[in-house]
Structure formats: C-alpha cells, structure tokens
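Residues per chain are reported as follows:
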Amino acid sequence: MSEPAPSPSRGISRGLIVAVGLSLFVATIVVAWIGFGQVFAALSRIGWRGLAVLAAWSVLPIALLGSAWFTLERPWRAADWGLYVWARMVRDASGELLPFSHVGGFVIGARAATLQGLSPTWAFASTVVDVTAELVAQIGFTALGVVLLVTRLDAGSAREGLIGASLAGLGITAAAAAALIGLQRRGMGLILALARRFLPVAAAGAAETGSIIADLHARPGRFSLAVGAHLAAWVASALGPWLALRAAGIEIGPLAIIGLESLVMAVRSATFVAPMGIGVQEASYALLGPLFGLGPEVALAVSLIKRARDILIGLPVLLVWQGLEGRRLIAGRG
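Okay, so let's go over this structure. (Residues numbered from 1 in each chain as written. Predicted model: local features only at pLDDT ≥ 70, side-chain atom pairs only at ≥ 80, totals over all residues. Heavy atoms only, no water.)

**Looking at the environment of tryptophan 81**
The condition that has to hold: In DSSP terms, a helix is any run of H or I states spanning at least four residues, a strand is any run of E spanning at least two, and both are numbered starting from the N terminus. For the exposure calls, accessible area comes from a 1.4 Å probe over protein chains only, and a residue counts as buried if that area is under 20% of its type's maximum, exposed if over 50%, partly exposed in between. The criterion used for residue contact is that any of the two residues' heavy atoms lie within 4.5 Å. Pairs of N or O atoms are called polar contacts if they sit within 3.5 Å, as long as, within protein, a hydrogen donor faces a hydrogen acceptor (for residues adjacent in sequence, only side-chain-to-side-chain pairs).
Following the sequence through the fold, tryptophan 81 ends up in helix α4 (residues 81–97). When its relative accessible area of 36% is taken as the criterion, tryptophan 81 is described as partly exposed. Separated by 14 residues in the primary sequence, tryptophan 81 and serine 67 have C-alpha atoms spaced 6.8 Å apart. Not counting chain neighbours up to four residues away, the residues in contact with tryptophan 81 comprise Ala63, Ser67 and Phe70. At 2.8 Å, the side chain of tryptophan 81 and the side chain of serine 67 are in polar contact.

**Topic: a nonpolar patch on the surface**
Heads up, the rule is: Like-charged residues are merged into a patch within 9 Å and nonpolar side chains (Val, Leu, Ile, Met, Phe, Trp, Tyr) within 5 Å, provided each residue has over 30% relative accessible area and no salt bridge. Exposure was quantified through the Shrake-Rupley algorithm and a 1.4 Å probe, taking into account, for residues, occlusion by the shown protein chains and nothing else. Salt-bridge detection follows one rule: a side-chain nitrogen of Lys or Arg within 4 Å of a carboxyl oxygen of Asp or Glu.
Residues Ile311, Leu315 and Leu319 make up a contiguous nonpolar surface patch of about 300 Å² in total accessible area. Within the secondary structure, leucine 319 is located in helix α14 (residues 296–330).

**Looking at the nonpolar core**
Heads up, the rule is: Residue types Ala, Val, Leu, Ile, Met, Phe, Trp, Tyr and Cys, when buried and joined through side-chain atoms within 4.5 Å, form a set referred to as a nonpolar core.
Judged by nonpolar contacts, the single largest core of 56 residues is most densely connected at Ile46, Leu245, Ile257, Leu260 and Leu294. Beyond its immediate stretch of four places on either side in the chain, isoleucine 46 contacts Ala244, Leu245, Ala248, Ile250, Ala301, Val302 and Ile305. Residues Trp86, Val90, Val317 and Trp321 belong to the second largest nonpolar core, which totals nine residues.

**As for the packing of aromatic side chains**
Keep this limit in mind: Note on aromatic pairs: the rings of Phe, Tyr and Trp (six-membered ring only in Trp) are paired at centre separations within 6.5 Å, and the planes decide the class, stacked below 30 degrees, edge-to-face beyond 60, tilted for the rest.
Using the criterion set out here, one finds three aromatic pairs in the structure. Judged by centre distance (5.9 Å) and plane angle (65°), the rings of phenylalanine 70 and tyrosine 84 are edge-to-face. In this pair, phenylalanine 70 sits in helix α3 (residues 59–70) while tyrosine 84 sits in helix α4, placing the two residues 14 residues apart along the sequence. In this structure tyrosine 84 comes out as buried when scored by relative accessible area, which is 0%. Taken together, the ring pairs in this structure connect Trp69, Phe70 and Tyr84 into an aromatic cluster.

**Considerations on the pattern of salt bridges**
Scanning the entire structure with this criterion turns up 13 salt bridges. Across the pair glutamate 73 and arginine 77 runs a salt bridge whose closest N-O atoms are separated by 3.3 Å. The residue arginine 246 makes a salt bridge to glutamate 251 at a minimum N-O spacing of 3.5 Å. Look at the salt bridges and you will find they share partners, linking Arg88, Arg91, Asp92, Asp130 and Glu134 into a network.

This is how it looks when you write it as structure tokens:
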C-alpha cells in the first residue's frame, strides 16, 4: 500500500513561512504605496459583478487547459476528457492557493489524475510533457505582449529599458522551457524527487516514465495540438479581466489587456519560486498597468479580483480533492 498524499499543511518549512511572510509584506507595501483608499475604491467599482463575470468566463480557459493535457492521451478516449479537466483544476488550485511552488502543484495535479483512474506513470509523464507544452505556448504569448508593449511606447531610454526587460523575461521563459526539455532528456532530478513523495509508484517506475515521455515527444502532432490549446487558453484567460472591467464600466481595449496579462504572467513565471506569486503579481500589475492604459489602483484591483476568483474556484476544488484522498485512505487503497 502506498502512502497517502501529504496534507497541505505538512512539510511547510520555516523558510517557506518566511517567504510567504515577505511576499505578503511586499504586497502590502504595494497597496500602501498606491493608497488603500484608491485601491478599495477601484475594487468596489469592479465589485461582485466583475468577480462573477471573471469566474464564469474561467470555464473556457479551464476547459482549454484540460483539453491541452487530454490531447497527449493515446488513444483518445472521450470519456477521459473530464478527468483531465478536473486534474488540471487541482493542479492550478494547489499552485495558486497552497504555499508551494508551482512545481509542487504539477505533482499534486498528477496525483489527482491517478485518483480518477490514470496510471501513476502515465499521469506523471504526461504532466511533464504538458507543462513543457504550456511553457512553449507562453513564449509565444509573452512575445505577443512584447510586441503590444512596443507599439504603445514612445521612443526614448524608458522605452528601450522596458523592451529590454520584457525581452529578458521572454528569454527566461524560453530558458525554462529548454531546461525542462533538458531534464526530460538527461534525468528528472528535482521532478523525480517530488514524485517520490506524492507519486511513489511513478517514481519507482522511472524507466517506464522516461519511455512514455520520449514517446510523447516523438509525436510532434500531439505536442503541437497541446501547444495550440495552451496558447488559446492563455489568450482566453487574459480576456477574463477585460470582460470584468467592461462589466464595471471601465473601458480598455482587448489587445491592451492581453498585453498586460502576458507580461504579468511572464514576470510570475520568471519568479515562480515566490509562493503563490504574492507580492510579485501585485507589483507587476501596479507597474505595468499604466503602460497599457490602466491606472495603478485599477490594475492592482484586477490582481485582487483574480485572487478572489482563484479562492472562489480553487478552495472547493482542493476540498473535494482532499475528500477523495481521504476516501482512498479509508478504503485502504492509498
């Protein structure tokens, strides 16, 4: 009998607690710098209507993300599509709400897939390839954001500095994708260490896992479909805040919000070690928002509304996942 997945509260190191505390401190400083009153006013303006629109729209990017993972399955079984969507929701909820890095979220999502019937080795191997496809898609999405930023800036040193920083972020994302592919070709390292804790069966079958990953990379058509679905999900996710702002009567073009979202997400990806992106996300919205026509207080309100959306959707997902883990343990199949 394998060990059950650890509770979200287990294994939280002192360093992680310090990191969360520092991130919250940074987020508070950002809000204070803009002004608590101004941020609260902008948040109130977006309000529950904006949150409801954002949450409802999230169904589309969630479905696209699950579909991207599903495209890797061989052969395709239509009945499994919902399984991948659910496991992807667990992955995102754990990455956004639990005090782990996103790498921990990847492994927890794979664990959730095994509870729905996928073999541990397939769940783990396909997660690794799906994450790679998402990083490749993000390179294209970030490049789009850089282009949109360039078209909005006047010539000058500030323009050159921002373009340079954006290109650096694009380079970091590309390097991360290359590093992940390199890990898949030369050994899994940290990824396998995490798998031993959450998916010991998959880690024990490292040879089979590597074989599955190699086979998936040998199918460029499937991988390309996954990249395309991820790119569509990035764009769809960016349009959510645009719809929420329109519902609040705040006018901003869809291309502007896509540009803003792409660069904010690039910064978050480059600083993935920050637990839940706290502080990093808030500072990014406050600094980049004015470049795309949003006041810093409105841009920061968008960040906070997105966090509220993540809680509204993610918390029930995590509770259900923990319930499934508990049932498996009670049934003696953990």
